[in-house]
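An overview of the molecular structure
One-letter residues, chain by chain:
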Amino acid sequence: ATTSMLDKWARERTRYAPGFGHRFHKPEDPRAPRLLALVDEAVARGACGGEFAAIGRSVQAVLNERAGKPVPMNIDGATRSVGVLAHAWEQMQQGGRIKGPTPPGYRWTYDGPPVSEK
């Protein structure tokens, strides 16, 4: 699934995957591994499932294979997962409903392949 989505992204937008690689930080953006380690700790405590970090790592593996060299997740890639987690935590702490961070006029509709039931 990761490979087909990256192929679609490249066809429809650009061959570069946002959130991966960095112009100045070589071989990797030092901020991203620390944020991912914090996500891993949260997963170990049962605070979250870690699905988004797993997706990011899957994308990175495909990019690495295609480039023949490391194309590490950068701070933007890592903060998307951490940002979603932080937003959900804040909403849960205040006891209100969890609202999306996107204004209604900008929301999207999933139009990908059907999600199979587990």
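Let me sum up the structure you'll find in this document. (Residues numbered from 1 in each chain as written. Predicted model: local features only at pLDDT ≥ 70, side-chain atom pairs only at ≥ 80, totals over all residues. Heavy atoms only, no water.)

**Quick notes on the pattern of salt bridges**
If you walk through the whole model with that rule in mind, you get four salt bridges. One salt bridge in this structure joins R34 and E41, with 3.9 Å as the shortest N-O distance. Take R34: its relative accessible area is 48%, and that puts it in the partly exposed class. For R57, the salt bridge is made with D40, and the minimal N-O distance between the two is 2.9 Å. Of this pair, R57 sits in helix α3 (residues 51–67) while D40 sits in helix α2 (residues 31–45), placing them 17 residues apart in sequence. (Salt bridge = Lys/Arg side-chain N within 4 Å of Asp/Glu carboxyl O. Buried < 20%, exposed > 50% of the residue type's maximum accessible area, 1.4 Å probe, protein only. Helix = DSSP H or I, 4+ residues; strand = E, 2+ residues; numbered from the N terminus.)

**Considering the side chain of D29**
With respect to the helices and strands, D29 occurs in the loop between α1 (2–12) and α2. Residue classification places D29 among the buried positions, given a relative accessible area of 1%. At 2.8 Å, the side chain of D29 forms a polar contact with the side chain of R31. A distance of 3.0 Å separates a polar atom in the side chain of D29 from the backbone nitrogen of I75. When residues no more than four places from it in sequence are discounted, the contact partners of D29 are H22, M73, N74 and I75. (Polar contact = N/O pair within 3.5 Å; in protein donor to acceptor, adjacent residues only side chain to side chain. Contact = heavy atoms within 4.5 Å.)

**Things to note about the nonpolar core**
L6, A17, F20, V59, L63, M73 and A78 are the most contacted members of the largest nonpolar core, which has 15 residues in total. Secondary structure elements with two or more residues in this core: α2, α3 and α4 (75–94). Ignoring sequence-local partners within four residues, the contact set of A78 consists of A32, L35 and M73. (Core = buried A, V, L, I, M, F, W, Y, C linked by side-chain atoms within 4.5 Å.)

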